[in-house]
Amino acid sequence: PNPNPAPTVVLHACLGVGHLIPMVELAKLLLRRGLAVVIAVPTPPASTADYFASSASAVGALEAANPSVSFHHLPPPDYPAPDPDPFLQMLDVLRLTVPALAAVLRSLPSVAALVLDLFCVDALDAAASAAVPAYFYYTSCAGDLAAFLHLPHYFAATAGGGASFKDMGKAPLRFPGVPPIPASDMPHTVLDRADRTCAARVGHYGRIPEARGVLINTYEWLEARAVRALRDGACVPGRATPPVYPIGPLIVRGHGAAAEEKGERHACLAWLDAQPERSVVFLCFGSLGAVSAAQLKEIARGLENSGHRFLWVVRRPPDDPSKFFLSRPEPDLEALLPEGFLERRKDRGMVVKMWAPQVEVLQHAATGAFVTHCGWNSVLEAASAGVPMLCWPLYAEQRLNKVFVVDEMKAGVVVDGYDEEIVTAEEVEKKVRLVMESEEGDNLRERLTLAKEKAAEALADGGPSRVAFEEFLNDLKLVK
Ligand code: UDP
């Protein structure tokens, strides 16, 4: 064996596409700096296969697309009676995987660090048992981290008699480093303070300060106030906050790019080539997002009435909206969209089933606006491409991201009705027109042009995100 193997950084991912994609990008960055990298991925036990099927296939695709990155599949834990709540199920799987992860850490010759996904908090115990320093890689925004780190303190301070967020309507929550957050925009897992999911999340965020540092997939310019509050320790009163390293935006020239190199360019990119500059509204709701059949029809009417060109990724509506993450067959567009819609719009619109190469679409000169569910990767991809956002949050922490995109970053507008039964066609038309035709839209575009420049600067030699990454690497050397 090599007497001086390169130190290994073990990255521990959770089971979500939106978490895995930036994790792979971090792995590539570390590899370029001469470190050895292993991504340890949990394997869902058979009892949970339904819920995690789409993530499991995404791991396979990422593995195939990134041969330079070594993936270690941790064995599926014994989990005979899965929790009925899918979120808690995921946390259980991750917790039950901790011993296997600890064994991997002990088996490798020279582990410099364990870097954890934000949901893998219990794996702090694996790091401790193997005497390896632990860091987090936070793949959502600094604003989310600031708000969530404050939650244990908030709940403790309002214990006994404090209302749950679900009963507070849009009352503003004032947390350090972030704009006021309407209580109803907090993620559903923490809406009811008596709920088990809330206890789990608050417990987790209470442990994040145990880490030696937190890498964040953001850039300082975009979230200056949240980064400052995290650095000043304002989010976690009475306790030291570990150093934060905003190293982003780490985005992939992903799925589309690999296909393009093989000469298999997606048809929607060729279609965009034929459209005027900044003329197309792109609609895509993340790796999982799908809306109801009635909502699809409203969107179609709104787009048609706006008169603007569009590129729209359509998924089959979930049979049970609470199980949006289950994989589903392709949508039947003729049946789902208004009669004659596809034919009438064929010169000005394109509908893509299931998946489009989003990064390439956003960076295409023809793309002028982005209707997004506000998943953090999507927000970073839009900011890096300079495309204004129409924010339509669906699940997870997306409502929170929406607050930050609109009120803090000034990078988008809200699509009203996202928190009601349906967003009307009139609202879709109104917001599309606002971004594409009005002075407010021009201002947004100007702001996004700046965001794009600042993203490029952050990642250029000597830029703030590069410097933050160097600081992280130096910290790794200090612990060795
Ligand atoms: N994505 C894509 N094409 C699609 C849908 C999603 O390339 O049709 C990519 C998108 O570019 C992003 C990721 O999948 O990198 C979704 O991550 P995000 O954080 O936005 O949302 P999530 O899927 O986690 O809700």
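Structure: see above.
An account of the accompanying structure is given in this report. Predicted model, so just to flag it, every value in this text is computed and none were measured.

This part is about helix α17 (residues 425-437). Here α17 spans 17 Å end to end across 13 residues, near enough to the 18 Å set by a 1.5 Å rise per residue. Taken as a whole, α17 has its buried residues at A425, E427, V428, E429, K431, V432, L434, V435 and M436. Buried residues belonging to α17 abut β10 (280-284), α11 (293-306), β13 (367-372), β14 (389-391), β15 (412-414) and α18 (439-459).

What follows is about the packing of helix α15 (residues 376-385) against α18. Close contact between α15 and α18 brings their axes to 6 Å; oriented N to C, the two are set at 95°. One element, α15, and the other, α18, form an angle in the roughly perpendicular class. On α18, the residues touching A382, A383, S384 and A385 of α15 are L448, A451, K452 and A455. Split by residue class, the contact of α15 with α18 holds six nonpolar, one polar and one charged.

Let's shift gears to the side chain of T372. With respect to the helices and strands, the residue T372 is situated in strand β13. Here C374 takes part through its backbone nitrogen, which lies 2.9 Å from a polar atom of the side chain of T372. T372 has contacts with C284, F285, S378, M389, L390, C391, W392 and P393, leaving out every residue within four places of it along the chain.

This paragraph deals with the packing of aromatic side chains. By the definition in use, this model includes 15 aromatic pairs. Between F155 and F165, the ring centres sit 5.5 Å apart and the planes meet at 40°, which makes this aromatic pair tilted. Taken together, the residues F155 in helix α6 (residues 142-157) and F165 in the loop between α6 and β6 (172-173) connect sequence positions 10 residues apart. Each of the two residues, F155 as well as F165, counts as buried. Summarising the aromatic geometry, the rings of W312 and F341 are spaced 6.3 Å apart at their centres and angled 90° between planes, so their arrangement reads as edge-to-face. Of this pair, W312 sits in strand β11 (residues 309-314) while F341 sits in helix α13 (residues 341-344), placing them 29 residues apart in sequence. One aromatic cluster is present, built from ring pairs that chain together Y135, Y245, F469 and F472.

Another point: the pattern of salt bridges. Taken as a whole and assessed by the stated rule, the structure comprises 24 salt bridges. Between R207 and D125 there is a salt bridge, with the nearest N and O atoms lying 2.8 Å from each other. Of this pair, R207 sits in helix α7 (residues 196-207) while D125 sits in helix α5 (residues 124-129); the two residues are 82 residues apart in sequence, bridging distant segments of the chain. According to the relative accessible area criterion, D125 is partly exposed, its value standing at 38%. The shortest N-O distance in the salt bridge between R301 and E298 comes to 3.4 Å. Within this pair, R301 and its partner E298 are both found in helix α11, separated by three residues, close to a single helical turn. Using a relative accessible area of 17% as the deciding quantity, one classes E298 as buried.

Further remarks concern the sheet that holds strand β12 (residues 349-353). Spatially, six strands are ordered β12-β11-β10-β13-β14-β15 in an open sheet, and the strand pairing comes out parallel. Unpaired on one side and paired on the other, β12 and β15 mark the two borders of the sheet. Sheet twist, expressed as the average angle between the axes of neighbouring strands with direction ignored, equals 20°. Relative to β12, β11 is paired through five bridges, and the arrangement is parallel. Bridge pairing in β12 links F310 to G349. Packed on one face of the sheet, α11 meets β10 and β11 and runs near 170° to β11. On the sheet, helix α16 (residues 398-408) packs against β14 and β15 and is oriented at approximately 125° with respect to β15.

Time to look at the sheet that holds strand β9 (residues 244-246). One open sheet accounts for seven strands, arranged β3-β2-β1-β4-β5-β8-β9; its pairing is parallel. Each of the sheet's edge strands pairs with one partner strand only, and the pair in question is β3 (70-73) and β9. The sheet shows a mean angle of 25° between the axes of neighbouring strands, taken without regard to direction. Direction of pairing for strand β8 (residues 213-216) relative to β9: parallel, over a ladder of three bridges.

So, on to the pairing of strand β1 (residues 8-12). The element β1 is largely enclosed, with a buried count of five among its five residues. Of the two faces of β1, both are covered, the one formed by T8, V10 and H12 as well as the one formed by V9 and L11. For the segment spanning β1, helix α1 (residues 17-32) and strand β2 (residues 36-41), crossover handedness is right-handed. Pairing between β1 and strand β4 (residues 111-117): five bridges, direction parallel. Bridge assignment links T8 to a residue of β4, and that residue is V111.

Rules behind the numbers
Residues numbered from 1 in each chain as written. Predicted model: local features only at pLDDT ≥ 70, side-chain atom pairs only at ≥ 80, totals over all residues. Heavy atoms only, no water. Helix = DSSP H or I, 4+ residues; strand = E, 2+ residues; numbered from the N terminus. Expected span 1.5 Å × (residues − 1). Buried < 20%, exposed > 50% of the residue type's maximum accessible area, 1.4 Å probe, protein only. Contact = heavy atoms within 4.5 Å. Axes fitted to C-alpha atoms, helices over the stretch in contact; angles between N-to-C directions. Parallel < 35°, antiparallel > 145°, perpendicular 65-115°, else oblique. Nonpolar A, V, L, I, M, F, W, Y, C, P; charged D, E, K, R; others polar. Polar contact = N/O pair within 3.5 Å; in protein donor to acceptor, adjacent residues only side chain to side chain. Phe/Tyr/Trp six-rings, centres within 6.5 Å; stacked < 30°, edge-to-face > 60°. Salt bridge = Lys/Arg side-chain N within 4 Å of Asp/Glu carboxyl O. Pairing = 2+ DSSP bridges. Right-handed = clockwise from strand over helix to strand, strands pointing away.

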